[in-house]
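# Structural overview
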Amino acid sequence: MIQDLTVGDSQKVLFRYTIPMFISVAFQQIYNIADSMIAGKFAGEDALAAVGASYPITMIFMAVAVGCNIGCSVVISQLFGAKEYQQLKTAVSTTFITGLVLSTLLTIIGLLTTPAMMRMIQTPENIFADGALYLKIYIGGFVFLFLYNVTTGMFNSLGDSKTPLYFLIGSSIGNIVLDLVFVAVFHWGVAGVAWATFLAQGVACILALLAFRRRVAEVRTEVRPEVFSLPVLKKIAFVAIPSILQQSFVSIGNIFIQSLVNSYGSNVIAGYSAAVKLNTFIITGFTTLGNGVSGFTAQNLGAGLPGRIREGYKAGMKMAVCVAVPFFVAYFFFGRIMMLLFMEDTGSAAMDTGAIFLKIVAPFYFIIAIKLVADGALRGAEAMKYFMISTFTDLILRVILAYVFSGWLSSSTGIWLSWPVGWSVATVLSVVFYRKVVKKATICN
């Protein structure tokens, strides 16, 4: 259902719009966690480490998909808010054509460079073959992943956050079932985990594309829109490229951190891989709330309603803090119990690593929640310069301090201490930038 975010009580509108998005990403993270759970439980800690070792590389590919998702959704949200439906349809077709070419090119490059990328992050020999196999299968399905993410962004930009939820629930359940069949029954190991994701994502992508085609046909225009427009592509690229760069540099930073983690051996890799999946669950949740604020901001900016932007930001903050509370409690006080999702031995070095990581970062979820909601408002207002400054500050601090702290302590614990510092400094910047951007929008209107 297409929804206009420029009318009605801001808090209620944002809540109804964002909650399906949050549930969607929860299911997505559940099946990501299920990959690691099933690998660790049925194929052993080395399989868990192999899946985790390739994680920062897969996130580079995901960064391109997410960046394009953000770029097209911000532009389409603004066009929808301004009731410029002809340009909206042109933006949709332009995005799909460009996205298909880009994702195909990246798939070819990724398949050719998989071994080199795995060596670059110093993957231990005992998990190298499985890690490379997982990565190749993942990259082979990147076109599906890319187009699905872009389609989801377009649904959200039209105010419809429920339809992507239905597809993602089906995809998540299908992925978990296939994981169990391929790994627990057929004993395919890491390859089974990868193929389960490939198939589930492929089916979800095709169904989402068919549904969106029908949905966009509901938007009527008097003149037949252009199929491809270079000016529209430039407008999308203005938001998408900084978002891709931001996401990519974060992933590259994670590669440096993963390389440092890998130097401590497969036990630390396995513990970090499990803990970072739990951490990613909540961080992605905050990012999704930020994306809801982004769509809300973009539509209301397009409609010339800056006052509603402030209202949406405040509502987003309340929701993010409420979400942070249960995850802080679960990870800080019951981190070892959470780690049992992935491994059996409560006294192992991997278990110790993951529990320490969660205890260090969990108290700062309240801080990073504020940053990611503010970032959503900055993206929706196309304030990409400020968005990138804040994000790169966090990234650079975390990478540098990971090496510094781990050297001082001669322990992997030093790596985890870099998270709170980077998050805290970047949050201050994001909030300051948000206030500046909203003040400017108010004056202009």
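Here goes a summary of the coordinates provided. Not measured: the values here are computed from a predicted model.

Taken as a whole, the largest pocket holds about 370 Å³ of empty space. Along the wall of the largest pocket there are 14 residues; nearest its centre are Lys89, Val92, Ser93, Arg213 and Val216. Considering every element that reaches the lining of the largest pocket, the biggest residue donor is helix α8 (residues 190-217), with six residues. In terms of residue class, the lining of the largest pocket is built from nine nonpolar, one polar and four charged.

So, about the pattern of salt bridges. If you walk through the whole model with that rule in mind, you get four salt bridges. Here Asp160 and Arg215 are joined by a salt bridge, their closest N and O atoms 2.2 Å apart. Of this pair, Asp160 sits in the loop between α6 (142-157) and α7 (162-185) while Arg215 sits in helix α8, and the two are 55 residues apart along the sequence. Each of the two residues, Asp160 as well as Arg215, counts as buried. Linking Asp375 and Lys371 is a salt bridge whose minimum nitrogen-to-oxygen distance equals 2.4 Å. Here Lys371 and Asp375 lie together in helix α14 (residues 365-380), a separation of four residues that amounts to about one turn.

Within this structure, the stated rule accounts for 28 aromatic pairs. On the numbers, 5.9 Å between centres and 90° between planes, the contact of Phe144 with Phe198 is edge-to-face. Of this pair, Phe144 sits in helix α6 while Phe198 sits in helix α8, and the two are 54 residues apart along the sequence. When its relative accessible area of 27% is taken as the criterion, Phe144 is described as partly exposed. Centre to centre, the rings of Phe182 and Trp188 are 4.7 Å apart; their planes meet at 20°, and the pair counts as stacked. The class for Phe182 is buried, based on a relative accessible area of 9%. Here Lys359 stacks its cationic end above the ring of Phe332, 4.1 Å away from the centre of that ring.

Basis of the calculations
- Residues numbered from 1 in each chain as written.
- Predicted model: local features only at pLDDT ≥ 70, side-chain atom pairs only at ≥ 80, totals over all residues.
- Heavy atoms only, no water.
- 1 Å grid on protein atoms, 1.4 Å probe; cavity = no way out; pocket = protein on both sides within 12 Å on 5 of 7 lines; lining within 4 Å.
- Points joined across faces, edges and corners; volume = space filled by probe spheres on them.
- Helix = DSSP H or I, 4+ residues; strand = E, 2+ residues; numbered from the N terminus.
- Nonpolar A, V, L, I, M, F, W, Y, C, P; charged D, E, K, R; others polar.
- Salt bridge = Lys/Arg side-chain N within 4 Å of Asp/Glu carboxyl O.
- Buried < 20%, exposed > 50% of the residue type's maximum accessible area, 1.4 Å probe, protein only.
- Phe/Tyr/Trp six-rings, centres within 6.5 Å; stacked < 30°, edge-to-face > 60°.
- Lys NZ or Arg CZ within 6 Å of the ring centre and 35° of its normal.

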